[in-house]
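# Structure at a glance
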Amino acid sequence: MHNVQIIRTSEALDPSDTYIFGISPHGVLNLSRLALCGGVWEQLFPGIDYRALVPSLMFRLPICRELYLAMGAVDSKQATAERLLKKGTSLVIWPGGVKEVYESRLSTIFTNIVLHSRQGMFELAIRQGASLVPVAVFGERYCYKVAPLPSFFVKVFEHFSSIPFLIFWGKWLFWMPLERDIAVVFGEPIAVQQKDEPTEEDIIALQRRYMEQLRLLYDTYKGCIERCKAELLVIK
């Protein structure tokens, strides 16, 4: 990567509250994690402890488990998320998951984000009364080149695995990202009223509010990366 911008659009967040930060899109190798490392998080959100949620399978793979544990990541099981929020620990989630990884394509002006089928994050926020913070990532899909795969193969692998199968390469035909600029923009928190038993209408209403805020954030800040100015956001 050439340059990484980290932008917080809100005032300082109240460390006595809990938050769920939803980062979109996921990207091939999730380079937005850079916004959580090296003291960057502590400067952006002083006093707010967090854990990043990652798929359970990642903790069963050699090396990956140690890397994620060193980053303070935890298993993405619902029970784990609820326990952390009750303790006052905020969460970082990439809600699009595996399906969104497959949307990382260079040959289109559209940035595809998977949210319509992702209601778990919103139900969790309501049950725990945690504020939602939309986070938009720009330019990450240009950091790697991805070989197209047959759609049938992608659907089968996506159905049976929480880890995507991709043929991709970056600098020196390896996993090093290409020299591209990226930006990670943290939006305004969305206050959530706590309910022990949210209805489907409650969840859908919050989901719509979140998607509206994410779209506004995306359209407002996409110009911070030159090659993203002409992109159009599609929420699937």
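We now turn to the structure provided with this report. Predicted model, so just to flag it, every value in this text is computed and none were measured.

## A few points about the overall build of the protein chain
The number of helices and strands found in the protein chain is seven helices and eleven strands. The buried share of the protein chain, taken over its 236 residues, is 47%. If you take every contact in the protein chain between residues at least 6 apart in sequence, the share linking residues at least 24 apart comes to 78%. Carbon together with sulfur atoms contributes 57% to the accessible area of the protein chain, which is approximately 12100 Å² in total.

## A short note on the packing of aromatic side chains
Tallying each qualifying case throughout the model produces ten aromatic pairs. Measuring from ring centre to ring centre gives 4.9 Å for Phe 21 and Trp 41, while their planes differ by 75°; the resulting arrangement is edge-to-face. Highlighted residues: Phe 21 in strand E2 (residues 19-24) and Trp 41 in helix H1 (residues 40-44), separated in sequence by 20 residues. Look at Phe 21 and you get buried, because its relative accessible area is 0%.

## Quick look at the packing of helix H3 (residues 78-86) against helix H5 (residues 120-128)
Close contact between H3 and H5 brings their axes to 11 Å; oriented N to C, the two are set at 35°. Handedness of the crossing formed by H3 with H5: right-handed. Seen from H3, the contacting residues are Ala 81, Glu 82, Leu 85 and Lys 86; seen from H5, they are Leu 124, Arg 127 and Gln 128. Taken together, the residues that form the contact of H3 with H5 break down as three nonpolar, one polar and three charged.

## Focus on the pattern of salt bridges
The tally for this structure, following the rule as stated, stands at six salt bridges. We note a salt bridge from Arg 127 to Glu 123, for which the minimum N-O separation is 2.9 Å. Separated by four residues within a single helix, Arg 127 and Glu 123 lie in helix H5, roughly one turn from each other. The partly exposed category is assigned to Arg 127, whose relative accessible area is 23%. When its relative accessible area of 27% is taken as the criterion, Glu 123 is described as partly exposed. For Glu 231, the salt bridge is made with Arg 141, and the minimal N-O distance between the two is 3.1 Å. Pair noted here: Glu 231 is in the loop between helix H7 (200-221) and strand E11 (232-235) and Arg 141 is in the loop between strand E7 (131-138) and strand E8 (145-146), with a separation of 90 residues, a long-range link. One continuous salt-bridge network, built from bridges that share partners, spans Glu 123, Arg 127 and Glu 197.

## Brief notes about the side chain of Thr 80
Tracing the backbone through its elements, the reader meets Thr 80 in helix H3. Setting aside anything within four residues of it in sequence, one finds Thr 80 in contact with Val 74 and Asp 75.

## Focus on the environment of Val 133
Among the structural elements, Val 133 can be located in strand E7. Judged by its relative accessible area of 1%, Val 133 is buried. Counting along the chain gives 114 residues from Val 133 to Tyr 19, while the straight-line C-alpha distance between them is 6.9 Å. The contact partners of Val 133, leaving out residues within four places of it in the chain, are Tyr 19, Ile 20, Phe 21, Gly 22, Gly 187, Glu 188, Pro 189 and Tyr 210.

## Notes on the side chain of Glu 82
Within the fold, Glu 82 resides in helix H3. Among buried charged residues, Glu 82 stands out as having no salt bridge; its nearest opposite-charge side chain is Lys 86, 5.0 Å away. If near-sequence neighbours (up to four positions away) are discounted, Glu 82 is found in contact with Leu 124, Arg 127 and Gln 128.

## With respect to the pairing of strand E5 (residues 90-93)
Regular strands place side chains that alternate from one sheet face to the opposite one. Of the two faces of E5, the one lined by Ser 90 and Val 92 and the one lined by Leu 91 and Ile 93 are each fully buried. The pairing of E2 with E5 spans three bridges and is classified as parallel. Bridge pairing links Phe 21 to Val 92 in E5. In this sheet, E5 lies alongside strand E3 (residues 50-54) in parallel orientation, the contact comprising three bridges. Along E5, the bridge assignment pairs Arg 51 with Leu 91.

Definitions and limits used
Every chain begins its residue count from 1, and numbering advances along the sequence as written. Note on the predicted model: pLDDT of at least 70 is required for a residue's local features to be given, and 80 or more for side-chain atom pairs to be given and counted; whole-chain, interface and lining totals, by contrast, use all residues. As a convention, hydrogens and water are excluded, and side-chain values are obtained from all of the structure's heavy atoms. The helix and strand labels rest on DSSP assignments: H or I over at least four residues marks a helix, E over at least two residues marks a strand, and numbering proceeds from the N terminus. With a 1.4 Å probe rolled over the protein chains alone, any residue whose accessible area is under 20% of its type maximum counts as buried; one over 50% counts as exposed, and the rest are partly exposed. Contacts are residue-level and defined by heavy atoms, with any inter-residue pair within 4.5 Å sufficient. Each accessible area is a Shrake-Rupley result for a 1.4 Å probe, and residues are judged covered by the shown protein chains and nothing else. Any two of the Phe, Tyr and Trp rings considered here, Trp counted by its six-membered ring, make a pair once their centres fall within 6.5 Å; the pair's planes then place it as stacked at under 30 degrees, edge-to-face at over 60, or tilted in between. Lines are fitted to the C-alpha atoms to define the axes, a helix being fitted only along its stretch in contact, and any angle between axes, read from their N-to-C directions, falls within 0 to 180 degrees. By convention, the crossing between two helices is left-handed when the near helix turns anticlockwise from the far helix through less than a right angle, and right-handed when the turn is clockwise. In the scheme used here, Gly and all other residues not listed as nonpolar or charged are polar, with Ala, Val, Leu, Ile, Met, Phe, Trp, Tyr, Cys and Pro taken as nonpolar and Asp, Glu, Lys and Arg as charged. For this analysis, a salt bridge means a side-chain nitrogen from Lys or Arg found within 4 Å of a carboxyl oxygen belonging to Asp or Glu. In summary, the charge assignment counts Lys and Arg as positive and Asp and Glu as negative, without counting His or the chain termini. A pair of strands counts as paired when DSSP detects no fewer than two bridges linking them.

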